[in-house]
Amino acid sequence: MTYVEMMRRRNEILKRNIGSMILKSNKQGLSGQENSFYKNMIKELHQGESEINAFRNQS
């Protein structure tokens, strides 16, 4: 498994987790800790997408 494949897989997992957090937020709201965790996951997703795009542009 290459680094890019690993990053893509990680991003898919993050997207799934973010989706479940959005559903929970819509149903009952998030606690302060959950909200912080949610924001951190979004930052990680954007960073991963940026790394994948940078690698794609190098090739």
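Definitions and limits used
- Counting of residues starts from 1 at the beginning of each chain's written sequence and follows it residue by residue.
- Since the coordinates come from a predicted model, pLDDT governs what is reported: local features require at least 70, and pairs of side-chain atoms require 80 or more to be given and counted, while whole-chain, interface and lining totals use all residues.
- With hydrogens and water set aside, each side-chain value is computed from the structure's full complement of heavy atoms.
- Secondary structure follows DSSP: runs of H or I at least 4 residues long count as helices, runs of E at least 2 residues long count as strands, and numbering of each begins at the N terminus.
- A simple rule labels every residue: compare its accessible area, found with a 1.4 Å probe on the protein chains alone, to the largest value its type can have, and call it buried under 20%, exposed over 50%, or partly exposed in between.
- Residues adjacent in sequence count toward polar contacts only when both atoms are side-chain atoms; beyond that, a polar contact is any pair of N or O atoms within 3.5 Å, and within protein one must be able to donate a hydrogen and the other to accept it.
- In this analysis, two residues are considered to be in contact whenever any of their non-hydrogen atoms come within 4.5 Å of each other.
- Only residues whose relative accessible area exceeds 30% and that take part in no salt bridge are eligible for patches, with like-charged residues grouped when within 9 Å of each other and nonpolar side chains (Val, Leu, Ile, Met, Phe, Trp, Tyr) grouped when within 5 Å.
- Only the protein chains shown count as cover for residues, with accessible areas throughout obtained via the Shrake-Rupley method and a probe of 1.4 Å.
- The salt bridge criterion pairs a side-chain nitrogen of Lys or Arg with a carboxyl oxygen of Asp or Glu, the two atoms within 4 Å.
- Given the number of residues in a helix, its expected span is that number minus one, multiplied by 1.5 Å.

Identification of the chain as Fur-regulated basic protein B from Paenibacillus plantiphilus is taken from an unreviewed UniProt entry.

All right, on to the side chain of Asn11 then. Relative to the helices and strands, Asn11 resides in helix α1 (residues 3-28). With relative accessibility at 1%, the residue Asn11 sits in the buried group. Among the polar contacts made by the side chain of Asn11, one reaches the side chain of Glu49 at a distance of 3.2 Å. When near neighbours in sequence (up to four residues on either side) are disregarded, Asn11 contacts Glu44, Leu45, Gly48, Glu49 and Ile52.

For Ile22, the location among the structural elements is in helix α1. C-alpha of Ile22 to C-alpha of Tyr38: the two residues are 16 residues apart in sequence and 8.6 Å apart in space.

On the surface, a nonpolar cluster with roughly 380 Å² of combined accessible area is contributed by Met1, Tyr3 and Met6. Structurally, Met1 can be placed in the segment before α1.

So, about α1. Helix length check: α1 (26 residues) gives 37 Å between terminal C-alpha atoms against 38 Å at 1.5 Å per residue, within 8%. Of all the positions in α1, only Val4, Met7, Asn11, Leu14, Ile18 and Met21 are classed as buried. Buried residues belonging to α1 abut α2 (32-58). Of the residues one or two after α1, Gly29 is the one with positive phi, at around 85 degrees.

All right, on to the environment of Ile18 then. Following the sequence through the fold, Ile18 ends up in helix α1. By relative accessible area, which is 9% here, Ile18 ends up buried. In this structure the C-alpha to C-alpha distance between Ile18 and Phe37, which are 19 residues apart in sequence, comes to 9.7 Å. Look past the residues within four positions of Ile18 in its chain and what remains in contact with it is Tyr38, Met41, Ile42 and Leu45.

Another aspect to go through is α2. Helix length check: α2 (27 residues) gives 39 Å between terminal C-alpha atoms against 39 Å at 1.5 Å per residue, within 8%. Within α2, burial applies to Met41, Leu45, Gly48 and Ile52. Packing partners of the buried residues in α2 comprise α1.

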